[in-house]
Amino acid sequence: MKKLTTSLMLTISYLLLLTAATPAPGPWVQTLTKGNKKITKLHFYVHNLELGPNATVYRVATASITSTSPTSFGQVNVFDDRVTAEPDIKSEQVARAQGTSAYADLQAGAIAMTANFYITSGEFNGSTLVIAGRNPLLEPTRELPVIGGTGAFRLARGYAVVGIYLYDKAARYSVLEYTVYVISRRHMLCV
Ligand SMILES: *[C@@H]1O[C@H](CO)[C@@H](O)[C@H](O)[C@H]1NC(C)=O
Ligand SMILES: *[C@@H]1O[C@H](CO)[C@@H](O)[C@H](O)[C@H]1NC(C)=O
């Protein structure tokens, strides 16, 4: 009886230890299990602010054709956007989206985008996730590839579904809603 109690207590303290060692992921991060595969799902909002003292997007170049191009062809922007788990820009920052976008389609409004998502909070703090690809600006929903990462996202592969959450044309402010599905090295190692 005593032996049983001891082993039970050991089991309980082991479980408590496990719980303490792996903090529950924040609400914007989830681990999904599909068959024997594990996928990290991230959900967040990216704030694109083009005007005012807190602007995070700046035009750095144009081409000879840009001003007469219906698709702003040749314009290049650099951005360092605030990323939050909640839609409100004043809510807690969880990452920065840093990168460039080049208007790269002569026929349609589409950009060639490279964005490094630099995580600044939670269990992935300091890791980066790289999303790059064609971003058709007029589509209500776009899909972009996850092409790599660092830290927790080493060897990352996946995709992002991007939608427009808010667009204020006068304020030149838009909020993009990202849902990202990632498989990374930590899913391949047997832990
Ligand atoms: C700019 O950011 C600061 C600090 O977050 C904030 O207090 C201020 O209201 C913002 N200004 C504008 C115009 O949004
Ligand atoms: C994230 O990491 C940085 C540097 O490694 C550290 O200064 C910061 O306090 C960390 N933030 C959180 C929310 O853990």
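All figures in this text were calculated on a predicted structure; none of them were measured in a lab.

1. A look at the confidence of the model for the protein chain
Point 1. On average, residues of the protein chain score 87 in pLDDT, and 85% of them reach the 70 mark or higher.
Point 2. In this model, residues 4–25 is a region of pLDDT below 50 whose contacts with residues beyond four sequence positions or in other chains number 1 contact.

2. Details of the site of ligand 2
Point 1. Around ligand 2, a shell composed of Thr120, Ser121 and Asn125 is seen.
Point 2. Between an oxygen atom of ligand 2 and a side-chain N or O atom of Asn125, the distance comes to 2.4 Å.
Point 3. Against a free-state accessible area of 370 Å², the protein chains account for coverage of 25% of ligand 2.

3. So, the pattern of salt bridges
Where side chains of opposite charge bring their charged atoms close, a pairing between them can arise.
Point 1. For the coordinates displayed, the defined rule picks out 3 salt bridges.
Point 2. A salt bridge links Glu50 to Arg172; the shortest N-O distance between them is 3.1 Å. With a gap of 122 residues between them, Glu50 in the loop between β2 (37–49) and β3 (57–61) and Arg172 in the loop between β9 (157–168) and β10 (173–183) connect regions that are remote in the sequence.
Point 3. Overall, the relative accessible area of 34% leaves Glu50 in the partly exposed class.
Point 4. Of the charged contacts in the structure, one is a salt bridge between Asp105 and Arg134, with a shortest N-O distance of 2.8 Å. Placement of the pair is Asp105 in the loop between β5 (93–103) and β6 (110–119) and Arg134 in strand β7 (residues 128–136), with a sequence separation of 29 residues.
Point 5. Classification of Asp105 as buried rests on a relative accessible area of 15%.

Basis of the calculations
Residues numbered from 1 in each chain as written. Chains lettered and ligands numbered in written order. Predicted model: local features only at pLDDT ≥ 70, side-chain atom pairs only at ≥ 80, totals over all residues. Heavy atoms only, no water. pLDDT = per-residue confidence, 0-100. Contact = heavy atoms within 4.5 Å. Near = heavy atom within 4 Å. Polar contact = N/O pair within 3.5 Å; in protein donor to acceptor, adjacent residues only side chain to side chain. Areas by Shrake-Rupley, 256 points an atom, 1.4 Å probe, with all protein chains shown as cover. Salt bridge = Lys/Arg side-chain N within 4 Å of Asp/Glu carboxyl O. Helix = DSSP H or I, 4+ residues; strand = E, 2+ residues; numbered from the N terminus. Buried < 20%, exposed > 50% of the residue type's maximum accessible area, 1.4 Å probe, protein only.

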